[in-house]
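So the chains spell out like this:
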Amino acid sequence: MTTTASPRRGLLIILSSPSGAGKSTLARRLMEWDPTLSFSVSATTRTARPGEVDGDHYHFISEAEFKQLVAESGMLEHAHVFGNFYGSPLKPVKEAIEAGRDVLFDIDWQGAQQIRNSDLGKHTLSVFILPPSIEELKRRLVSRGQDTEDTISKRMQKSWDEISHWDGYDYVLVNDDIDATEEQLKTIVSAERMRRAQQPGLQSHVRGLHLEFEEGSK
Ligand code: ADP
Ligand code: 5GP
């Protein structure tokens, strides 16, 4: 008897961290490692930074459009962060998951908590990225060169709020060396894909094994 690969259910992979700890860099590297991963492009009411492309990094929408989407239950989760609204549109996530594709989220702790408590909670893998030190976190925010001094100061003030939710996550990585953290993340994703709940075809495979077993023992 030949065995066939069991169809896999898509995993919701959530990356959170205080701003500047490295989650966008890690998300980008994960997408390069596995181009079948689908990135959840969030909707936000904040203005685009230089170099950010609408529909690619974010869907930049108005507050009225955002509220409309929420009212229509079009968001899997949403939150107010740094004075702006952010949310994950539900439709593309459902489509990807149903097609067996994993979806990657770069969202804050509030969004992670909402997804964990949703119907999709048991198909969720959440990873929190910690910086090696607060000093290094600030250095990275400054070196990224994307924000004004005022925004950096606001992000630094909010960083403890984000870090304080570290213990609600499945995995926590200290992003000291970026290559080492990338490897750890890939190992986690590879293992989590094998979770029983992610392999709906296992039941029929085991039924087949059982039949074969019974036949053999006659
Ligand atoms: P986040 O998405 O969490 O806000 P980024 O991925 O944008 O953070 O990283 C912030 C800055 O720090 C970027 O310039 C990035 O290249 C850099 N960076 C990320 N990880 C590391 C690391 N392990 N060591 C040194 N610099 C890093
Ligand atoms: P930034 O403005 O730097 O792109 O993002 C600010 C914060 O908002 C980051 O912590 C990021 O993870 C979070 N964020 C981005 N998109 C979403 C989203 O769709 N939902 C939630 N809850 N947080 C988000």
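Heads up: the structure comes first, above all this text.
What counts and how
- Residues numbered from 1 in each chain as written.
- Chains lettered and ligands numbered in written order.
- Predicted model: local features only at pLDDT ≥ 70, side-chain atom pairs only at ≥ 80, totals over all residues.
- Heavy atoms only, no water.
- Pairing = 2+ DSSP bridges.
- Helix = DSSP H or I, 4+ residues; strand = E, 2+ residues; numbered from the N terminus.
- Axes fitted to C-alpha atoms, helices over the stretch in contact; angles between N-to-C directions.
- Contact = heavy atoms within 4.5 Å.
- Near = heavy atom within 4 Å.
- Areas by Shrake-Rupley, 256 points an atom, 1.4 Å probe, with all protein chains shown as cover.
- Nonpolar A, V, L, I, M, F, W, Y, C, P; charged D, E, K, R; others polar.

(A) Region of the structure containing the sheet that holds strand β5 (residues 75–81). Reading across from one edge, β4-β3-β6-β5 is the order of the four strands in this open sheet, with mixed pairing throughout. Looking at strand neighbours, the two that pair on one side only are β4 (58–60) and β5, the edges of this open sheet. Geometrically, the sheet is characterised by an average inter-axis angle of 25° between neighbouring strands, direction not taken into account. The pairing of strand β3 (residues 42–44) with strand β6 (residues 84–89) spans two bridges and is classified as antiparallel. Considered in β6, the bridge of Ala-43 is made with Gly-87. Packing of helix α3 (residues 90–98) onto the sheet brings it into contact with β5 and β6, and relative to β6 it is tilted by some 30°.

(B) Seen up close, the site of ligand 1. Every one of the 16 residues lining ligand 1 counts as a neighbour, but Gly-20, Ser-24, Thr-25, Arg-144 and Asp-176 are closest to it. Expressed as a share of its isolated accessible area of 560 Å², the protein-covered part of ligand 1 is 80%. Elements supplying a minimum of two residues to the shell around ligand 1: α1 (23–33) and α5 (134–144). In the shell around ligand 1, the residues fall into three nonpolar, seven polar and six charged.

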